Structure formats: C-alpha cells, structure tokens
Amino acid sequence: MTSSPRPPDRGYLLDNARAEAGERFVWLAELFDGVTRGHLDRLGVRAGSRCWEVGAGGPSIPEALAAAVGPTGYVLATDIDPSWLQTGGGYEVRRHDVVADPPPEPGTFDLVHARLVLVHLPDRAAALATMVAALRPGGRLLIEDADTALQPLACLDDSGPAQRRANRLRNSVRELLTRRGADLRYGRTLPRALREAGLVDVAAAGFFPVGGPACDRLEAATVRHVRGELLAAGLADEAEIDAHLAAIHAGELDLTLAPLISAWGRRPPAG
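Residues numbered from 1 in each chain as written. Predicted model: local features only at pLDDT ≥ 70, side-chain atom pairs only at ≥ 80, totals over all residues. Heavy atoms only, no water.

Looking only at helices and strands, the protein has 7 helices and 7 strands in total. Computed over C-alpha atoms, the radius of gyration of the protein comes to 19 Å, within 12% of the 18 Å expected from 2.2 N^0.38 for 271 residues, which places it in the range of a compact globule. For the protein, the spread of C-alpha atoms along the principal axes amounts to about 60 × 50 × 30 Å. Approximately 12,300 Å² of the protein is accessible, and the part contributed by carbon and sulfur atoms is 54%. (Helix = DSSP H or I, 4+ residues; strand = E, 2+ residues; numbered from the N terminus. Rg over C-alpha atoms; globule rule 2.2 N^0.38 Å. Areas by Shrake-Rupley, 256 points an atom, 1.4 Å probe, with all protein chains shown as cover.)

Dropping the structure here:
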C-alpha cells in the first residue's frame with residue numbers, strides 16, 4: 001500500500017513578519033537591484049511612467065522607480081504584508097494579494113514588475129493574469145524569479161565538511177519551500193509563461209552571483225529566518241545550524257545563490 005503525497009504546508013515560508021525579513025530585503029537589494037534597474041531602464045521606464053511593483057517586500061525598487069518616473073509619474077507598491085514599505089517615499093503603498101484580488105486600475109500601467117514572487121505562489125497563472133490585465137496596450141511586464149533546481153548548491157566548491165554541511169542545509173531549505181508550494185524550477189519557464197499569458201516580444205536573461213559578503217549575510221539571515229521550521233521538520237538539528245552560522249561568520253565559505261531569471265514581454269495593442 002502506497003501513502004498519499006504529503007499536502008503542502010500553508011503560508012509563505014519567508015514571510016515579512018519576522019525581523020530577518022528586513023535583513024533579507026537589504027541583501028537581496030545589494031545583490032539584485034542593479035540587475036533589476038538595468039532591465040527597467042532598457043524597458044523604457046522614464047519620467048511620467050506609471051508603474052506597479054508587485055510583492056515589493058522592501059522599499060528599494062519602489063524608491064528607484066519613483067526616482068525614475070519623477071513627479072509626473074506614478075508608482076504603486078503592493079504586498080500581502082506591506083509593513084516594510086515606507087509611506088512618503090514617492091510611491092503609493094497598498095495591501096494587495098495578487099492571486100485573490102483584482103488588478104488595481106486595470107489597463108493603465110506602462111510597467112508591472114515582480115521579483116522573487118511567483119515562484120512561491122501555488123496559483124502562479126492567476127497572479128500572472130492579474131499583472132497582465134493591469135498593463136495598458138503596449139505596456140511591459142518584467143518578472144524575475146529564481147530557479148533553485150537549476151543550481152541547487154550553497155557552495156559550488158564542495159571541498160570539505162563545512163561546505164558539505166552548507167549544501168545539506170540548502171537542500172533542507174529547498175525541501176521546506178517545496179512543502180509550501182514553491183516551484184523550484186519555475187525560473188526557466190518564465191519565457192513560455194509570458195507567451196502563454198498573451199505577451200509578445202518576450203526575452204529573458206539570467207544572473208548568477210557567486211560569493212561575497214552579501215551572499216554570506218543573505219544566507220545567515222535566511223537560515224535564522226527558517227531555523228524553527230528546519231528543527232520542527234527534523235531537517236536539521238541545533239548543532240548543525242549553529243556550526244553553519246559560525247562558519248559563515250568566520251568567512252570560511254564561498255556561498256552562492258540560485259540563478260535569477262529575468263523575463264520580459266509586451267502587451268500587444270488592443271484589437
């Protein structure tokens with residue numbers, strides 16, 4: 001007799017409610033904001049543009065968009081938990097669930113952007129449809145998501161026990177994400193997903209940070225964030241987690257991340 005598959009746990013693993021979320025936003029911005037801003041520039045965000053930042057998390061990209069569009073433009077930053085966003089930063093903040101709620105001001109945005117959002121949502125197609133519906137004809141959608149199955153290791157140089165421990169813990173975090181409904185292969189599917197959502201002129205690129213202080217600090221914040229879940233699931237013990245954090249603090253590891261896949265497309269003209 002075979003057992004039925006384990007149902008996914010509920011809720012977003014890396015939620016915004018913990019202090020570690022703020023740390024993660026800082027280091028994600030350090031690692032990826034330059035990549036994102038480069039794509040936004042190439043996609044034509046300029047003075048007067050109307051932009052929607054979906055699942056914004058922290059304030060760095062809404063602030064960059066607000067600076068780019070200036071006083072004649074408009075930036076809306078939404079999140080299911082917008083507590084890390086700052087009112088008065090040149091952008092509007094709203095609580096919004098991109099899966100369950102209708103698009104804000106449909107058909108009006110020049111650009112819609114989401115980074116590291118869809119990979120965590122079980123109903124990705126619904127979220128993508130909401131974002132496409134918010135675009136004006138000719139508007140651009142930029143989706144950026146990790147593909148942790150494409151590169152699953154924490155340490156590419158698997159040279160010793162500390163590195164192998166880091167890779168075991170990274171695999172344990174991936175297991176927790178999968179149980180919460182994340183698709184660890186989603187990044188590679190983005191070009192097809194955008195075409196299937198009705199966009200044209202679709203293209204994509206990847207970015208792969210390898211080592212450095214920002215990778216170390218993001219890893220430490222992430223492990224602290226999910227420590228309780230790792231212990232409760234029996235995927236790690238206290239000694240293993242403490243040893244990993246100590247190795248990070250001592251600078252013993254060359255930590256890396258999964259590739260970030262950025263894909264973009266254009267909503268075709270009406271008719």
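Let us now look at the packing of aromatic side chains. Evaluated as defined, the whole model comprises 4 aromatic pairs. With centroids separated by 6.0 Å and ring planes inclined at 80 degrees, the aromatic side chains of Phe32 and Phe207 adopt a geometry described as edge-to-face. Here Phe207 lies in strand β6 (residues 200-207) and Phe32 lies in helix α1 (residues 19-42), a separation of 175 residues in the sequence. Here the basic side chain of Arg50 rests over the ring of Phe109, its NZ or CZ set 4.9 Å away from the ring centre. The ring centre of Tyr186 lies 5.6 Å from the NZ or CZ of Arg124, which sits over that ring. (Phe/Tyr/Trp six-rings, centres within 6.5 Å; stacked < 30°, edge-to-face > 60°. Lys NZ or Arg CZ within 6 Å of the ring centre and 35° of its normal.)

Locating Thr130 in the fold gives a position in helix α3 (residues 124-134). Residue Thr130 is classed as buried on the basis of its relative accessible area, which comes to 8%. Polar contacts involving the side chain of Thr130 include one to the main-chain carbonyl oxygen of Val98, which spans 3.3 Å. Not counting residues within four places of it along the chain, the set of residues in contact with Thr130 comprises Trp52, Val98, Asp101, Pro102 and Pro103. (Buried < 20%, exposed > 50% of the residue type's maximum accessible area, 1.4 Å probe, protein only. Polar contact = N/O pair within 3.5 Å; in protein donor to acceptor, adjacent residues only side chain to side chain. Contact = heavy atoms within 4.5 Å.)

The next subject is the sheet that holds β6. If you walk across this open sheet you meet the 7 strands as β3-β2-β1-β4-β5-β7-β6, and the pairing is mixed. Each of the sheet's edge strands pairs with one partner strand only, and the pair in question is β3 (92-95) and β6. On average, each strand axis in the sheet is tilted by 15 degrees relative to the strand beside it, whichever way the strands run. Note that strand β1 (residues 50-54) and strand β4 (residues 109-115) share 4 bridges and pair parallel. When the bridges of β4 are listed, Val54 appears paired with Ala114. On top of the sheet, helix α2 (residues 60-69) reaches β1, β2 (74-79) and β4; it is set at about 170 degrees to β2, its chief contact. Those strands touched by α3 are β1, β4 and β5 (135-146), and its axis lies near 145 degrees from that of β5. (Pairing = 2+ DSSP bridges. Axes fitted to C-alpha atoms, helices over the stretch in contact; angles between N-to-C directions.)

When you line up the elements, Thr256 lands in the loop between α7 (238-249) and β7 (260-266). Setting aside anything within four residues of it in sequence, one finds Thr256 in contact with Gln151, Leu153, Ala154, Leu156, Arg170, Phe208, Pro209, Val210, Gly211 and Cys215.

On to the nonpolar core, then. Grouped together as the largest cluster of nonpolar side chains are 27 residues, with contacts concentrated most on Trp52, Val112, Leu118, Leu128, Met131, Leu141 and Ile143. Sorting the residues of this core by element identifies β1, β2, β4, α3, β5, α5 (190-196) and β7 as the ones contributing at least two each. In terms of residue count, α3 provides more of this core than any other element does, 5 residues in total. Non-local contacts of Met131, meaning those with residues more than four positions away in its chain, are made with Trp52, Val54, Val98, Val112, Ala114, Leu118, Leu141 and Ile143. (Core = buried A, V, L, I, M, F, W, Y, C linked by side-chain atoms within 4.5 Å.)

Turning our attention to the confidence of the model for the protein. Close reading of the predicted structure is inappropriate where its pLDDT is low. For the protein, mean pLDDT is 91; residues scoring 70 or higher make up 93% of the total. This model gives residues 1-9 a pLDDT under 50, and the stretch forms 6 contacts once residues within four places in sequence are excluded. (pLDDT = per-residue confidence, 0-100.)

Attention shifts here to the pairing of β5. Counting buried positions along β5 yields 9 of 12 residues, so the element is predominantly enclosed. By the bridge criterion, 6 bridges tie β4 to β5 in an arrangement that is parallel. Residue pairing across strands places Arg115 opposite Glu144, the latter belonging to β5. Tracing the backbone out of β4, into α3 and back to the parallel element β5 gives a crossover that is right-handed. Relative to β7, β5 is paired through 7 bridges, and the arrangement is antiparallel. Opposite Glu144, over in β7, you have Ser262 as the bridge partner. (Right-handed = clockwise from strand over helix to strand, strands pointing away.)

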